[in-house]
Amino acid sequence: MSLPVFENILFDTDENGVATLTINRPDKLNALNAKVLSELSDAIEAVQADDAINVLIITGAGEKAFVAGADIKELSTLNKQTGEKLASVGQQIFEAIETSSKPVIALVNGYALGGGAELAMACHLRIATENAMIGLPEVSLGLIPGYGGTQRLPALVGKSKAMEMILTGKPIDAEQALRNGLVNYVLPAAEALDYTKKLAASISKNGPLAVAAAIEAVNRAGNANGFACEAVLFGGLCETEDFSEGTGAFLEKRKAEFKGR
Ligand code: CAA
């Protein structure tokens, strides 16, 4: 199945079932205007529907920015109704990423500010290049984060650090982000894409049903029914062909060939 063609999004797929989605608006530091957001939403949907893709990498075009936030020119015209609508549309798109049955890895290759940081936080893993700067500067614009940042940042770095980042609006660099658990790895820019693709390929080898169930269970960590959900998902996997294949392959000392069934 071939992926749709977009104006502001580039796609690249490889033989390991890994797709790379590049937000391509480098002259505006890949800022998310309505068009980019809508294309991002369609792209995520297309990835879900494509059986040849197991893992998605999201990054930004150019060497300077992942995504420098929501488009401030567009934001400047919002009122109470349109502002609330924009925030809930953005939240829905980022929720689709967080709840995607296929792992999504953010390759944060420079500025990830406002909506850009929120996009990275909605992904399941984050890899930063050494020049990355991550922050939620919305209060400096007289706003607060609107694409889930007030909810996801505390979950990732703790309430105290999140409060500091959101109230000061000051970004942190890649090393600080690593120390605070906001990113998984920091790499030189020249090596980051290769490394991210290798990490994605290693996930892509695992049973896709199990990977999807793992995302669902981990997303429920901290919820009242998280343990019960884990048990139900675990039980469901025990009746899949992938489970027979995975355990059988281990016992027969061979590599598993998962079919996603
Ligand atoms: N929206 C619209 N345009 C943006 C943008 C944004 N978020 N960020 C950068 N740009 C544009 C600039 O206006 C500039 O365009 P022109 O060349 O046409 O003037 C171009 O991208 C390059 O940017 P700079 O010249 O500013 O580059 P710089 O290297 O001097 O600075 C920067 C880089 C520090 C990232 C700076 O661009 C910046 O502070 N950007 C805004 C970051 C921000 O506040 N993001 C949060 C937005 S609010 C939000 O996201 C709300 C939400 O939660 C949903």
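The preceding data block contains the structure.
The model shown is predicted, which means the values in this text are computed figures rather than measured ones.

Rules behind the numbers
Residues numbered from 1 in each chain as written. Predicted model: local features only at pLDDT ≥ 70, side-chain atom pairs only at ≥ 80, totals over all residues. Heavy atoms only, no water. Near = heavy atom within 4 Å. Polar contact = N/O pair within 3.5 Å; in protein donor to acceptor, adjacent residues only side chain to side chain. Areas by Shrake-Rupley, 256 points an atom, 1.4 Å probe, with all protein chains shown as cover. Helix = DSSP H or I, 4+ residues; strand = E, 2+ residues; numbered from the N terminus. Buried < 20%, exposed > 50% of the residue type's maximum accessible area, 1.4 Å probe, protein only. Arc of directions from axis to C-beta. Contact = heavy atoms within 4.5 Å. Patch = residues over 30% accessible without salt bridge, like charges linked within 9 Å, V, L, I, M, F, W, Y side chains within 5 Å. Salt bridge = Lys/Arg side-chain N within 4 Å of Asp/Glu carboxyl O. Phe/Tyr/Trp six-rings, centres within 6.5 Å; stacked < 30°, edge-to-face > 60°. Core = buried A, V, L, I, M, F, W, Y, C linked by side-chain atoms within 4.5 Å. Axes fitted to C-alpha atoms, helices over the stretch in contact; angles between N-to-C directions. Parallel < 35°, antiparallel > 145°, perpendicular 65-115°, else oblique. Left-handed = near helix turned anticlockwise from the far one by under 90°. Nonpolar A, V, L, I, M, F, W, Y, C, P; charged D, E, K, R; others polar. Pairing = 2+ DSSP bridges.

A look at the site of the ligand
1) Next: Surrounding the ligand, one finds 22 residues, the nearest of these being K28, K64, G115, E118 and E138.
2) Next: Contacts to the ligand include A68, whose backbone N or O atom sits 2.9 Å from a nitrogen atom.
3) Next: A distance of 2.9 Å separates an oxygen atom of the ligand from a polar backbone atom of A70.
4) Next: In isolation the ligand exposes 980 Å². Once the protein is present, 65% of that is buried.
5) Next: If you list the elements that add at least two residues to the shell around the ligand, you get α2 (72-75), β6 (111-113) and α4 (115-122).

A short note on helix α11 (residues 241-251)
Within an α-helix, residues lying three or four positions from one another point in the same direction, as the helix has 3.6 residues per turn.
1) Next: Within the span of α11, buried status applies to D242, E245, G248 and A249. One side of α11 holds all its buried residues, which, seen down the axis, span an arc of 140°. Among the exposed residues of α11, those oriented more than 90 degrees off its buried face are F250 and L251.
2) Next: Structurally, α11 contributes buried residues whose contacts are with α9 (208-219).
3) Next: Of the residues flanking the end of α11, it is K253, one or two places downstream, whose phi is positive at about 55°.

Re the environment of L251
1) Next: Mapped onto the secondary structure, L251 falls in helix α11.
2) Next: Under the relative-accessibility criterion, L251 is labelled exposed at 68%.
3) Next: It is 42 Å that separates the C-alpha atoms of L251 and E130, two residues lying 121 residues apart in sequence.

Considering a nonpolar patch on the surface
1) Next: A cluster of nonpolar side chains, namely I72, L141 and L143, defines an oily patch on the protein surface of about 260 Å² accessible area.
2) Next: Mapped onto the elements of the fold, L141 is located in the loop between β8 (133-135) and α5 (149-157).

What to know about the packing of aromatic side chains
1) Next: Across all of its chains, the model carries three aromatic pairs by this definition.
2) Next: With a centroid separation of 5.3 Å and 65° between ring planes, the pair formed by Y185 and Y195 is classed as edge-to-face. Taken together, the residues span a long stretch of sequence, with Y185 in strand β10 (residues 185-187) and Y195 in helix α8 (residues 189-204) at a distance of 10 residues.
3) Next: Residue Y185 is classed as partly exposed on the basis of its relative accessible area of 37%.

Topic: the pattern of salt bridges
1) Next: For the structure shown, the criterion picks out 10 salt bridges.
2) Next: Of the charged contacts, one joins K35 and E7 as a salt bridge, the two residues approaching to 3.8 Å between their closest N and O atoms. Taken as a pair, K35 in helix α1 (residues 34-49) and E7 in the segment before β1 (9-13) lie far apart in primary sequence, 28 residues in all.
3) Next: K35 sits in the partly exposed class, given a relative accessible area of 41%.

A look at the side chain of S100
1) Next: Mapped onto the secondary structure, S100 falls in the loop between α3 (80-98) and β5 (104-108).
2) Next: Judged by relative accessible area, S100 falls into the buried class, the value being 3%.
3) Next: Here Q48 takes part through its side chain, which lies 2.7 Å from a polar atom of the side chain of S100.
4) Next: The contacts of S100, once residues within four sequence positions are left out, are Q48, H124 and I215.

Side note on the nonpolar core
Nonpolar side chains in soluble globular proteins tend to end up buried together.
1) Next: Among the nonpolar cores identified, the biggest contains 50 residues, and I58 and F94 are the most heavily contacted of them.
2) Next: Here this core takes seven residues from α1, the largest share from any one element.
3) Next: Not counting chain neighbours up to four residues away, the residues in contact with I58 comprise L21, I23, I44, F66, I97, V104, I105, A106, L107, L119 and C123.

Considering the packing of α5 against helix α6 (residues 159-168)
1) Next: Interaxial distance between α5 and α6 falls to 7 Å at its minimum, and their mutual angle equals 135°. Compared by their axis directions, α5 and α6 come out oblique. Relative to α6, α5 is oriented so that their crossing is right-handed. From α5, G149, T150, L153, P154 and V157 reach across to α6, where they touch K159, K161, A162, M165 and I166.
2) Next: Per-class residue counts for the contact of α5 with α6 are six nonpolar, two polar and two charged.

Quick notes on the sheet that holds β1
1) Next: Strand order in the open sheet made by the six strands is β1-β2-β3-β5-β7-β10, with mixed pairing throughout. Two strands bound the open sheet, and with one partner strand each, they are β1 and β10. The mean angle between the axes of side-by-side strands here comes to 20°, regardless of whether they run parallel or antiparallel.
2) Next: In the sheet, strand β3 (residues 55-60) pairs with β5 via three bridges, with the strands oriented parallel. Of the residues in β5, the one forming a bridge with I57 is I105.

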